[in-house]
Amino acid sequence: FGVLKGHKLCIEGLMFSPNMKHLVSIGDEHDKGLFVWDIEWKCVITCNKLSKTVSCLAFEETGAYFITGG
């Protein structure tokens, strides 16, 4: 798969989209990063800093979007 670089500290959670085209990674309380990766190109599509802890993540059944909760 290779190495995906982005998080500065620990990763708390990972989830692949149902179509296996994307990966979402969520950093821990110190990292506070949320990254969306393109699996084929092995690159970041988008990233954001979280202001709150994420406790759950779910993809829509086709993988078109996801939601987080905390």
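The following paragraphs examine the structure supplied in this document. (Residues numbered from 1 in each chain as written. Predicted model: local features only at pLDDT ≥ 70, side-chain atom pairs only at ≥ 80, totals over all residues. Heavy atoms only, no water.)

Describing the overall build of the protein chain
Counting its regular elements, the protein chain contains zero helices and six strands. Mapped in sequence order, the helices and strands of the protein chain form the string β-β-β-β-β-β. A compact globule built from 70 residues would reach a C-alpha radius of gyration of about 11 Å, and the protein chain, at 11 Å, matches this within 12%. Overall, the protein chain is about 30 × 25 × 15 Å in size when its C-alpha atoms are taken along their principal axes. Buried positions account for 31% of the 70 residues belonging to the protein chain. The long-range fraction of contacts in the protein chain, counting pairs at least 24 apart against all pairs at least 6 apart in sequence, stands at 26%. Surface accessibility of the protein chain: about 5,000 Å² in total, with carbon and sulfur atoms responsible for 57%. In the protein chain, 7 positive and 8 negative side-chain charges are present, and the distance between their average locations comes to 8 Å. (Helix = DSSP H or I, 4+ residues; strand = E, 2+ residues; numbered from the N terminus. Rg over C-alpha atoms; globule rule 2.2 N^0.38 Å. Buried < 20%, exposed > 50% of the residue type's maximum accessible area, 1.4 Å probe, protein only. Contact = heavy atoms within 4.5 Å. Areas by Shrake-Rupley, 256 points an atom, 1.4 Å probe, with all protein chains shown as cover. Lys, Arg positive; Asp, Glu negative; His and termini not counted. Charge placed at Lys NZ, Arg CZ, Asp CG, Glu CD.)

Side note on the state of the cysteines
Evaluation of the coordinates by the stated rule reveals zero disulfides. The thiol sulfur of Cys47 is not disulfide-bonded, and the nearest other cysteine sulfur, from Cys43, lies at 12 Å. (Disulfide = S-S within 2.5 Å.)

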